[in-house]
Amino acid sequence: MKEFNSLEDILDFAINEEQLAADFYTELAGKMKHQEMKNTFEQYALEELGHRAKLEAIKNGKKYKVSEAKIADLKIADYLLDVDVDKTNITYQEALILAMKKEKIAFRLYNDLASAAIDEPSKKLFLMLAQEEAKHKLRFEVEYDSNILTEN
């Protein structure tokens, strides 16, 4: 597991992860055939950039609060097969599966880092980041449930 020596190291890592997520959703948008789907993933990319900006503000001294609210987990991603990410044209369903699984991995990463944190501020920051990822995953699961499962 990655080792962090300071809260600044944690923030730098998280800022980079948010940028990678934005790049991921931008790439997914480029693989969508329909404009509405393309717009959806472009919006997700913008949200990730917003998260990056939030983390940069925290790095620059802005206070943050860890929510005590638990985020629901529909566990839809747990029962779906992996998707070939290298395909040039993927369906909306495949894109949602990729997004759910990516957010699930990010959630687990931040939870694991929180468990390994050696000080309370670091632990709280990782838990805040894990909650953000859980919210993303839930949003994709709801989208999948509404637009894919209900169609079948």
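Residues numbered from 1 in each chain as written. Predicted model: local features only at pLDDT ≥ 70, side-chain atom pairs only at ≥ 80, totals over all residues. Heavy atoms only, no water.

> Help me understand the overall build of the protein chain, please; the structure alone is not making it clear to me.
Tallying secondary structure elements over the protein chain gives 4 helices and 0 strands in all. Here the protein chain holds 152 residues, and the buried ones make up 38% of them. Partitioning the contacts of the protein chain with sequence separation of at least 6, the portion at a separation of at least 24 is 75%. Taken as a whole, the protein chain presents about 9000 Å² of accessible surface, with 51% of it coming from carbon and sulfur. (Helix = DSSP H or I, 4+ residues; strand = E, 2+ residues; numbered from the N terminus. Buried < 20%, exposed > 50% of the residue type's maximum accessible area, 1.4 Å probe, protein only. Contact = heavy atoms within 4.5 Å. Areas by Shrake-Rupley, 256 points an atom, 1.4 Å probe, with all protein chains shown as cover.)

> Can you walk me through the packing of aromatic side chains in this structure?
Aromatic ring pairs are reported here in terms of the distance separating the ring centres and the angle at which the planes meet. Per the stated rule, a full pass over the model turns up 9 aromatic pairs. One aromatic cluster in this structure is built from F24, Y25, F41, Y44, Y92 and F140. It is K102 that lies over the ring of F24; its NZ or CZ is 5.5 Å from the centre. (Phe/Tyr/Trp six-rings, centres within 6.5 Å; stacked < 30°, edge-to-face > 60°. Lys NZ or Arg CZ within 6 Å of the ring centre and 35° of its normal.)

> When you look at the nonpolar core in this model, what are you seeing that I'm missing?
Grouped together as the largest cluster of nonpolar side chains are 20 residues, with contacts concentrated most on Y25, L28, F41, L96 and F140. Listed by contribution, the elements that provide at least two residues to this core are α1 (7-30), α2 (35-59), α3 (92-116) and α4 (120-149). Sort the elements by how many residues they give to this core and α3 lands first, with 7 residues. Among residues more than four places away in sequence, those in contact with L96 are F41, F140, E143, Y144 and I148. One finds F4, F13, L55 and A114 within the second-largest nonpolar core, a separate group that totals 16 residues. (Core = buried A, V, L, I, M, F, W, Y, C linked by side-chain atoms within 4.5 Å.)

> I keep staring at the environment of L11 and nothing clicks. Help me out?
Mapping L11 onto the fold places it in helix α1. For the pair L11 and R52, spaced 41 residues apart in the sequence, the C-alpha separation amounts to 9.4 Å. If sequence neighbours within four positions are ignored, L11 has contacts with L55, I58, K59 and L125.

> Honestly, the confidence of the model for the protein chain in this entry has me stumped. Any pointers?
The predicted structure's coordinates, where accompanied by low pLDDT, should not be read in detail. With 81% of its residues at a pLDDT of at least 70, the protein chain reaches an overall mean of 82. Across the protein chain, the secondary-structure element scoring lowest on mean pLDDT is α4, at 86, and the one scoring highest is α1, at 90. (pLDDT = per-residue confidence, 0-100.)

> What exactly am I supposed to notice about the side chain of S122 here?
You can see S122 is positioned in helix α4. Contacts of S122, omitting those with residues within four sequence positions, involve L7, I10 and A117.

> For this particular structure, what's the right way to read the pattern of salt bridges?
Pairing of side chains with opposite charge becomes possible as their charged atoms draw close. Enumeration over the complete set of coordinates arrives at 7 salt bridges. Residues R52 and E56 are paired through a salt bridge, measuring 3.6 Å at the closest nitrogen-oxygen approach. Here E56 and R52 lie together in helix α2, a separation of 4 residues that amounts to about one turn. Between K135 and E132 there is a salt bridge, and its shortest N-O distance comes to 3.5 Å. A residue pair is termed a helical-turn pair when its members lie 3 or 4 positions apart in one helix, as K135 and E132 do in helix α4 at 3 residues. Linked by salt bridges that have partners in common, K54, E132 and K135 make up one network. (Salt bridge = Lys/Arg side-chain N within 4 Å of Asp/Glu carboxyl O.)

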